[in-house]
Amino acid sequence: MNFRNDLSRTVERYRAEVASPREHLALLRWQMTEGHALERRDTFPGHLTTSAFVLSPDHAQVLLIDHVVIGRWLQPGGHWEEAEHFHLSAAREAIEETGVQGLSLHPWHRGGDLPFTIDSHDVPGKPSRGEPAHIHHDLQYLFLADPALPLVAQVEEVHAAAWKPITALAEIAPRALERLSHLPKP
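Computed from a predicted model, the values in this text were never measured in an experiment.

Considerations on the pattern of salt bridges
Where charged atoms of side chains with opposite charge meet at close range, the side chains can pair.
Moving on, step 1. Per the counting criterion, the structure on display carries 7 salt bridges.
Moving on, step 2. Arg15 serves as the salt-bridge partner of Glu12, at 3.5 Å between the closest nitrogen and oxygen. On the criterion of helical spacing, the pair formed by Glu12 and Arg15 is a turn pair, its members being 3 residues apart in helix 1 (residues 3-17).
Moving on, step 3. Glu12 gets classed as partly exposed once you look at its relative accessible area, which sits at 36%.
Moving on, step 4. Notably, a salt bridge pairs Arg175 with Glu23, separated by 3.4 Å at the nearest N-O pair. In this pair, Arg175 is assigned in helix 5 (residues 174-180) and Glu23 in the loop between helix 1 and helix 2 (26-33), connecting sequence segments 152 residues apart.
Moving on, step 5. Judged by relative accessible area, which is 35%, Arg175 ranks as partly exposed.
Moving on, step 6. Given a relative accessible area of 6%, Glu23 falls into the buried group.

Written out as structure tokens, the structure reads:
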């Protein structure tokens, strides 16, 4: 993977094919133009993360984690780690944090690396690490998995992993929930 070139192509394709007219991704695009090392978690004002919306096959449920540091239910994800494709970084996070089995990339992606959403959001800093408040530019991907299979939460990072009704995304990922409502039901 050539991180900078691949990220540039991914973001421009997302803007052309998926983004709403109001999704400018201005800070992310500025940091890319400036040559910021977005693959490094010590790059500020922001850096890259990946996350996974793991859906049940009928799209009625979503797999969420109760995040230790943040203290709320979120989709699995984390700082980008080296992978051949961005969606593989998101998949790795989902598997590590939840122990989900049989994870597969959702057909919406047509086997490609186009994010379902890109969400740049504020993150509180960690003074103990000398880390200021900053931005996570999160490439978000859809996956499918069977909610009947057991989960094993990674207790270092999450209190629990559980399947929740898809409507739980209203509080944490309203753009993704709105887009999911337009996907054809399986």
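Moving on from the coordinates now.
Considerations on the pairing of strand 2 (residues 61-67)
Moving on, step 1. Counting buried positions along strand 2 yields 6 of 7 residues, so the element is predominantly enclosed.
Moving on, step 2. As paired strands, strand 1 (residues 46-55) and strand 2 are joined by 2 bridges and run antiparallel to one another. Pairing of Val54 across the sheet is with Leu63, part of strand 2.
Moving on, step 3. Linking strand 1 to strand 2, which pair antiparallel, is a turn of 5 residues; within it His59 sits at a positive phi near 65 degrees.

Some thoughts on the layout of surface pockets
Moving on, step 1. Estimated volume of the largest pocket: approximately 1,000 Å³.
Moving on, step 2. Along its surface, the largest pocket is lined by 41 residues, and His67, Ile70, Leu74, Val123 and His136 are the ones closest to its centre.
Moving on, step 3. Mapped onto the lining of the largest pocket, the elements with two or more residues apiece are strand 1, strand 2, strand 4 (77-79), helix 3 (86-98), strand 6 (117-123), strand 7 (134-144), helix 4 (169-172) and helix 5.
Moving on, step 4. Counting residues per element, the lining of the largest pocket draws most heavily on strand 6, which supplies 5 residues.

Quick word on helix 1
Residue pairs three or four apart in sequence face the same way in an α-helix, which turns once every 3.6 residues.
Moving on, step 1. Look at helix 1: 21 Å from first C-alpha to last across 15 residues, which is about the 21 Å you get at 1.5 Å a residue.
Moving on, step 2. For helix 1, every residue scored as buried is listed here: Phe3, Asp6, Leu7, Thr10, Val11 and Tyr14. Around the axis of helix 1, the buried residues are gathered within 125 degrees of arc, so they sit on the same side. Residues of helix 1 that are exposed and point more than 90 degrees away from the buried face comprise Arg9 and Ala16.
Moving on, step 3. Residues of helix 1 that are buried sit in contact with helix 2, strand 1, helix 3, strand 6, strand 7 and helix 5.

Each value, and the rule that gives it
Residues numbered from 1 in each chain as written. Predicted model: local features only at pLDDT ≥ 70, side-chain atom pairs only at ≥ 80, totals over all residues. Heavy atoms only, no water. Salt bridge = Lys/Arg side-chain N within 4 Å of Asp/Glu carboxyl O. Helix = DSSP H or I, 4+ residues; strand = E, 2+ residues; numbered from the N terminus. Buried < 20%, exposed > 50% of the residue type's maximum accessible area, 1.4 Å probe, protein only. Pairing = 2+ DSSP bridges. 1 Å grid on protein atoms, 1.4 Å probe; cavity = no way out; pocket = protein on both sides within 12 Å on 5 of 7 lines; lining within 4 Å. Points joined across faces, edges and corners; volume = space filled by probe spheres on them. Expected span 1.5 Å × (residues − 1). Arc of directions from axis to C-beta. Contact = heavy atoms within 4.5 Å.

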